[in-house]
Amino acid sequence: MSAAPSQRPFSGLFITTLLCLIIGVAAADRQIIALIKPVLDQTFGWSARDYAAISTWTQVAAAFSLLAAGWLVDWFGPRRTLGAALTGWSLLTALHAVAFSVLDFILIRAGLGAFEGAGTPSMMKFIASAFPRSERGRVIGTLNAAPNFAAVVTPVLVAFLLPWAGWRALVVGLGIIGLGLAVCWLLRGPSVMLQSHTESHPLKKEHLSAPPVRRVIIAFSVCKVLSDATWWLLLFWLPDIFHTHFGLSLRAMGSASGTVYVGAGTGAFIGGVLPGILRPYTGSAEKARRIVMGTAALCVIPMMFVFFTSSLPLGLILLTTALMAHQVFSSNLFGLVTDWLPAGLVGRVIGIGAFCGNLGGATILWLSGFVPMPYLLGSCSLAYVAAWCVLLIRVGPGWLERTFTSSQRTHYAVA
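Residues numbered from 1 in each chain as written. Predicted model: local features only at pLDDT ≥ 70, side-chain atom pairs only at ≥ 80, totals over all residues. Heavy atoms only, no water.

**Considerations on empty space enclosed by the protein**
Alright, step 1. Following the criterion strictly, the structure yields two cavities of 30 Å³ or more and no others.
Alright, step 2. Elements with a minimum of two residues in the lining of the largest cavity: α1 (3-35), α3 (48-95), α5 (119-130), α6 (133-165), α8 (211-244), α11 (312-340) and α12 (343-367).
Alright, step 3. Along the lines of polarity and charge, the residues of the lining of the largest cavity split into 17 nonpolar, nine polar and four charged. (1 Å grid on protein atoms, 1.4 Å probe; cavity = no way out; pocket = protein on both sides within 12 Å on 5 of 7 lines; lining within 4 Å. Points joined across faces, edges and corners; volume = space filled by probe spheres on them. Helix = DSSP H or I, 4+ residues; strand = E, 2+ residues; numbered from the N terminus. Nonpolar A, V, L, I, M, F, W, Y, C, P; charged D, E, K, R; others polar.)

Below, the structure is given as structure tokens:
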């Protein structure tokens, strides 16, 4: 009994660090295609619609994978599910080196997206099962920060290595790194601490069909659609915006993208800790969370003016603030689910919501081949306010606190 407390911080730190590295590799894989897009355009003669098709099918595959992965994670646990998925997407990352046509890239990227879909449900399930509620926001913020800081390093490495090694060597190297992380995860996965901090509750069997759970799922899913659109749009098109609108070179484009993602990573970390700081002043962690999310929603709005300026510093400020606010909003949106729902439901609920968010991302990426980017960014900049209103109306702090207390959980479970 006495050894557990001393071992958990080390195990938790090791596994959280490993998860950050896994997320970083996944983010690098997503971003590297956007960074080498000018090279691929010249090599294969891609049009804007070709690139939109590749990115859209990646999102569609990832969306349906998320829907299935939620159930797989709840049944088999995050260790097996994420380990198998990481192995699959690392092999497909390396397979990019033998692609020569748009169809090749669509098939490979769709397969990669399908494997990557297991990541988010696995990690949220891990957090809900392994950490007490008081620590989950901080851990979610840390994991949400990982892809942003990876997005800072990736442009620098690509700008340095691309002229020397070529894009095919880059994707093979990234695949090898992913396989190494898969081995580490399978050998030293969360089995040492999973379930050790799951909060006890009187439920014998948990169901998605219970009305309060369905209400959370619908609100969470709608908010994922509204908020994820900005993330996916900028993930695939941010370097191109810097290249075409601000006239930056490949190296300068990478530096500018890195600056934006530093802000995004900072926002993810801040989003995880800020509700805890504000809690003494609001009387409730959930009320503090809503204040933080509402402020973040307002901070995204100025993004709509990016195409109204030719000033690179101002454009950087607008885009950095928008992605910083996005990550604050996103971290707390995940925190709402992991804090209030039993751990046995988290994988499926996250999977359903992320499925909807990815379909929304696929839709806006498809539209990017037809609709001018200023109109898309303008719509995205207002979507967070709409998402915050959905949360306030459907799953307000008072309703959550009344419905999901231990004494009332039997109302949404079947014994």
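**A word on the packing of aromatic side chains**
Alright, step 1. Counted by the stated rule, this structure contains twelve aromatic pairs.
Alright, step 2. Judged by centre distance (5.9 Å) and plane angle (40 degrees), the rings of Phe105 and Trp167 are tilted. Linking Phe105 in helix α4 (residues 102-116) with Trp167 in helix α7 (residues 167-187), this pair joins segments that are 62 residues apart in sequence. Trp167 matches Phe105 in its accessibility class, with the two residues each being buried. (Phe/Tyr/Trp six-rings, centres within 6.5 Å; stacked < 30°, edge-to-face > 60°. Buried < 20%, exposed > 50% of the residue type's maximum accessible area, 1.4 Å probe, protein only.)

**Overview of the layout of surface pockets**
Rolling a probe over the atoms, with the probe sized like a water molecule, indicates the empty space that remains.
Alright, step 1. Here the largest pocket is characterised by a volume of approximately 490 Å³.
Alright, step 2. If you go around the largest pocket, you meet 23 residues; those closest to its centre are Arg133, Arg279, Ala285, Arg289 and Asp339.
Alright, step 3. Among the secondary structure elements, those contributing two or more residues to the lining of the largest pocket are α6, α9 (250-282), α10 (285-300) and α11.
Alright, step 4. Partitioning the lining of the largest pocket into residue classes produces five nonpolar, ten polar and eight charged.
Alright, step 5. Considered as a void within the structure, the second largest pocket measures approximately 290 Å³ in volume.
Alright, step 6. In terms of lining residues, the second largest pocket is bounded by 15 residues, among which Ala28, Thr154, Leu157, Leu174 and Ile177 are the most central.
Alright, step 7. With six residues, α6 is the largest single contributor of residues to the lining of the second largest pocket.

**Here's the deal with α12**
Alright, step 1. The end-to-end C-alpha separation of α12 is 36 Å, in line with the 36 Å expected for 25 residues at 1.5 Å each.
Alright, step 2. Extensive coverage of α12 is indicated by the burial of 20 of its 25 residues. (Expected span 1.5 Å × (residues − 1).)

It is worth stressing that arrangement in space is one thing and function is another; only the former is reported here.
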